[in-house]
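Here is what each chain is made of, one letter per residue.
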Amino acid sequence: MRADSDGGGARVRDAVNVDLTAQGTLRGRQGYAQAMPLLNARSLWPVTWGGERMAICAAGADLLLIKEQEGQLQTEVLRSDVRADRPVSVVASDGWAVATDGHSNWWIDQSGARLLGLDAPGAAPALEASAGGALPGGVYQVLQTYVSAEGEESPPTAKISIAVPERGRLVVSSVVESFPERVAAIRTYMTTQNGEIAYLVDERRTVGAVLAFAVTPEFGAECATLDLHKMPAGGLVRHYKGRLLVAAGPLLFRSQSYAYGLHHPVHDFLAFGSPITLVVPVEAGFFVCTDKTYFVRDDFTSVGVVLPFGAAAGSDFYMDEQELALWYSERGLVSANAGGEITELQSKNIVVGKADKARTWVREQNGELHAVVCAFDPATSTRAKASTWMQVSVSN
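Residues numbered from 1 in each chain as written. Predicted model: local features only at pLDDT ≥ 70, side-chain atom pairs only at ≥ 80, totals over all residues. Heavy atoms only, no water.

### Some remarks on the overall build of the protein
Okay, so step 1: Helix and strand counts for the protein come out as 0 helices and 37 strands.
Okay, so step 2: Relative to a compact globule of 396 residues, whose C-alpha radius of gyration would be 21 Å, the protein shows 28 Å and is clearly more extended.
Okay, so step 3: Reported as C-alpha extents along the three principal axes, the dimensions of the protein are approximately 105 × 50 × 35 Å.
Okay, so step 4: Put simply, the protein has 396 residues, and 42% of those count as buried.
Okay, so step 5: Total accessible area on the protein stands at roughly 21,000 Å², and carbon and sulfur atoms take up 49% of it.
Okay, so step 6: Put simply, the protein has 34 plus and 44 minus side-chain charges, and the middle of one group is 6 Å from the middle of the other. (Helix = DSSP H or I, 4+ residues; strand = E, 2+ residues; numbered from the N terminus. Rg over C-alpha atoms; globule rule 2.2 N^0.38 Å. Buried < 20%, exposed > 50% of the residue type's maximum accessible area, 1.4 Å probe, protein only. Areas by Shrake-Rupley, 256 points an atom, 1.4 Å probe, with all protein chains shown as cover. Lys, Arg positive; Asp, Glu negative; His and termini not counted. Charge placed at Lys NZ, Arg CZ, Asp CG, Glu CD.)

### Regarding the pattern of salt bridges
Okay, so step 1: This model, assessed by the stated rule, comprises 16 salt bridges.
Okay, so step 2: Across the pair E76 and K67 runs a salt bridge whose closest N-O atoms are separated by 4.0 Å.
Okay, so step 3: Look at E76 and you get partly exposed, because its relative accessible area is 32%.
Okay, so step 4: Taking relative accessible area as the criterion, K67 reaches 18% and is therefore assigned buried.
Okay, so step 5: One salt-bridge network, held together by shared partners, links R79, D81 and E181. (Salt bridge = Lys/Arg side-chain N within 4 Å of Asp/Glu carboxyl O.)

### A short note on the nonpolar core
Okay, so step 1: Judged by nonpolar contacts, the single largest core of 16 residues is most densely connected at W49, I56, L63, L65, V88, A99 and I108.
Okay, so step 2: Taken together, the elements giving at least two residues each to this core come down to β6 (41–49), β7 (52–59), β8 (62–69), β11 (96–100) and β12 (105–109).
Okay, so step 3: Sorting elements by how many residues they give to this core places β7 first, with 3 residues.
Okay, so step 4: Residues contacting I56, with those up to four places away along its chain left out, are S43, L44, W45, V47, L63, L64, L65, V90, A97 and I108. (Core = buried A, V, L, I, M, F, W, Y, C linked by side-chain atoms within 4.5 Å. Contact = heavy atoms within 4.5 Å.)

### As for unusual backbone geometry
Okay, so step 1: Despite not being glycine, S43 shows a phi value in the positive range, around 55°.
Okay, so step 2: Summarising the element assignment, S43 is placed in strand β6.
Okay, so step 3: Here the phi dihedral of N194 falls at roughly 60°; this positive angle occurs in a residue that is not glycine.
Okay, so step 4: By secondary structure assignment, the location of N194 is in the loop between β18 (183–190) and β19 (199–204).

### Quick notes on the sheet that holds strand β13 (residues 112–115)
Okay, so step 1: Spatial ordering of the open sheet is given by β10-β11-β12-β13, a layout of 4 strands whose pairing is antiparallel. A single partner strand is all that each edge strand has here, and the edge strands are β10 (89–93) and β13. Each neighbouring strand pair of the sheet contributes to a mean axis angle of 20°, computed without reference to strand direction.
Okay, so step 2: Both β12 and β13 contribute to a ladder of 4 bridges, which runs antiparallel. For W107, the partnering residue across the bridge sits in β13 and is R114. (Pairing = 2+ DSSP bridges. Axes fitted to C-alpha atoms, helices over the stretch in contact; angles between N-to-C directions.)

### Digging into the pairing of strand β32 (residues 324–329)
Okay, so step 1: Most of β32 is tucked away, with 5 of its 6 residues classed as buried.
Okay, so step 2: Examined bridge by bridge, strand β31 (residues 317–319) and β32 share 3 bridges and lie antiparallel to one another. From the neighbouring strand, F317 faces β32, where its bridge partner is L326.
Okay, so step 3: In this antiparallel pair of consecutive strands, β31 and β32, the connection spans 4 residues, and E323 shows a positive phi of 55°.
Okay, so step 4: Where β32 folds back on strand β33 (residues 332–337), the antiparallel hairpin that results is connected by 2 residues.

### Digging into the environment of V246
Okay, so step 1: Take V246: it is sitting in strand β23 (residues 243–248).
Okay, so step 2: Note on V246: relative accessible area 1%, which makes it buried.
Okay, so step 3: The residues contacting V246, other than those within four sequence positions of it, are M231, P232, A233, G234, L236, V237, L251, L252 and F253.

Next comes the structure, spelled out in structure tokens:
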């Protein structure tokens, strides 16, 4: 500690485990102790399901659910296929969560974790047309999809067309040899003669089925996943008004409404000029931070620059009671209310360094709220000259 030259106060280089009070004094902070050892632990995310507070984190290649039982923390392994060299992003609601590591997306609930979304069948069905039936002559189109036990349907294969002669017969052969993880059945869709809309004509829970249509089949529902793709994975996932938002580099993908495993490759993405570091939803829209900060209205088309700088990756934090979102930028903390109005909380009072990534934590102690930011920039040395400073320890 050293006194200012004008005698107006003192400067402290390191204040360890202390709080700054509203009166400008320092007060000792409660300490901490290790609760659970984990190897290569990272990406700790709180979740609350049914009033029970838990957490999701990654440790090595494991995705873990952490619970408290009888005063002790317990872990449950949800998956063991997480990329061990990648952080995991999680968004949670009451009763469910979605996690992504840039390679896969997972749906997590009280029953465990499963892959989110299904890939389309690896190959389109084989078609053969011949005489000897009662089908009206014309061109028919056929496609297939996978469906899970939960009723989630995959994107379809490409439509395969074939000309059937008058009073003809059509044979559809599935070339799928085995079902991937989570797939329970394969559905076959077919158009009417010279039609464009594909209707459900068969669902089988076995592979290698051969379907022979000598007469016009009974048509069911239209294919609901036509023109859709599986929702991409990314480095960041958030939830906004019934849709997932996933950032992968400079691209932001949006899922279909309440169909989190699907997205439209034309209508459900936005491209920015540099990698996305933060996506911060509020009621009126969501902020996207790259080299600038953008605000996207809930129509997903109105996009505007609101700040000429971005934000540190991982630094967003939500204050639910105050209906505020916080994040850390090169000008300090920024807040946003539900209507999308932003405030630079520190830029007029302090100068902070630019950070590559950061974590923000708001804690309430002794009736006071404190925002604690841990910032990291690999390009900047954290060393400082200490010749005129000494470390100060403050006691309760």
